[in-house]
Amino acid sequence: PQTLVPDLAATLDGEVAVLQPSKVNRAWSYVSTRTGASLLDLGKKTAIVAPERWTTSPDGPSGLETIYGAKPKVTVVADAAQRLARVKAGAIGVFDSTEPQATDAAVKPVDDPKTMIAADPQLALLRLELAGDDTVLDVIQQLHGVLDNAAIIGIRTRAVASGVPAAVTEWLKAHPLR
């Protein structure tokens, strides 16, 4: 992650400006209803429910096998609410850390003592023709300064009832930019 911004900037040179990562981190979050659950304890009979994208991630099934020697039974469940229901029924769930279900009161994080789970910082790419616009740059930098996982989870939670545009508008009213 330390070379992410310079590496992207070099690769995309002449196309976009790469801004610094925000505080939003979409790393995978492994959760369980059991207190003290650990990735060290995974076995072939362990049930994991996860989104499709996780299955090809380096900290997905291949990471579990390489780092923890585990080959649990994996079921792909796209809908986060359905995944949460299966976690409440005893499975281990995998969520993007910005999904509200990852912080549900009924679940607890699964310990990752070998630090397999990789950070997934979010960053903005800005078309070069906009990169020189101080107003656009200022707005993006302000948003990077205030958006974090808790803010994204709050917006996503409200969006279920009111829709994304209304949830974002409500959040911006509560967190006005300078």
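A quick note: this is a predicted structure, and the numbers were derived from the prediction, not measured.

Participant: What am I meant to see in the pattern of salt bridges here?
Facilitator: When their charged atoms lie close together, side chains carrying opposite charge are able to pair. Tallied over the entire structure, the rule returns six salt bridges. Its salt-bridge partner being Arg-53, residue Asp-96 comes within 3.7 Å of it at the nearest N-O pair. Note that Asp-96 is positioned in strand S5 (residues 92-96) and Arg-53 in the loop between strand S3 (47-50) and helix H2 (61-68), a separation of 43 residues in sequence. The salt bridge involving Arg-158 is made with Glu-170; its shortest N-O contact spans 3.3 Å. Note that Arg-158 is positioned in helix H6 (residues 149-162) and Glu-170 in helix H7 (residues 164-174), a separation of twelve residues in sequence. Taking relative accessible area as the criterion, Arg-158 reaches 29% and is therefore assigned partly exposed. One salt-bridge network, held together by shared partners, links Arg-26, Arg-53 and Asp-96.

Participant: In this structure, what is going on with a nonpolar patch on the surface? I would like to understand it.
Facilitator: Taken together, Val-139, Val-146, Val-164, Val-168, Leu-172 and Leu-177 make up a surface patch of nonpolar side chains, about 400 Å² in accessible area. Within the residue set of the nonpolar patch, elements represented by two or more residues are helix H5 (134-146) and H7. Element by element, the count of residues in the nonpolar patch is highest for H7, at three residues. A relative accessible area of 40% places Val-146 in the partly exposed class.

Participant: Is there a simple way to explain the packing of aromatic side chains in this structure?
Facilitator: Here the distance between the centres and the angle between the planes together describe a pair of aromatic rings. This model, assessed by the stated rule, comprises one aromatic pair. Centroid distance Tyr-30 to Trp-54: 6.2 Å. Interplanar angle 75°. Geometry classified as edge-to-face. With Tyr-30 in strand S2 (residues 28-32) and Trp-54 in the loop between S3 and H2, this pair connects stretches of sequence that are 24 residues apart.

Participant: I tried to follow the sheet that holds strand S4 (residues 73-76) on my own but got confused; where do I start?
Facilitator: One key point about sheets: their strands pair by backbone hydrogen bonds, in either a parallel or an antiparallel sense. With mixed pairing, five strands are arranged side by side in an open sheet as S4-S3-S5-S2-S6. This sheet does not close on itself; its edge strands, each paired only once, are S4 and strand S6 (108-109). Of the strand pairs in this sheet, S3 and S4 are connected by four bridges, and their pairing is parallel. When the bridges of S4 are listed, Ala-50 appears paired with Val-76. The strands touched by helix H3 (residues 80-88) within the sheet are S2, S3, S4 and S5, with S5 carrying the most contacts at an inclination of about 155°.

Conventions and cut-offs
- Residues numbered from 1 in each chain as written.
- Predicted model: local features only at pLDDT ≥ 70, side-chain atom pairs only at ≥ 80, totals over all residues.
- Heavy atoms only, no water.
- Salt bridge = Lys/Arg side-chain N within 4 Å of Asp/Glu carboxyl O.
- Helix = DSSP H or I, 4+ residues; strand = E, 2+ residues; numbered from the N terminus.
- Buried < 20%, exposed > 50% of the residue type's maximum accessible area, 1.4 Å probe, protein only.
- Patch = residues over 30% accessible without salt bridge, like charges linked within 9 Å, V, L, I, M, F, W, Y side chains within 5 Å.
- Areas by Shrake-Rupley, 256 points an atom, 1.4 Å probe, with all protein chains shown as cover.
- Phe/Tyr/Trp six-rings, centres within 6.5 Å; stacked < 30°, edge-to-face > 60°.
- Pairing = 2+ DSSP bridges.
- Contact = heavy atoms within 4.5 Å.
- Axes fitted to C-alpha atoms, helices over the stretch in contact; angles between N-to-C directions.

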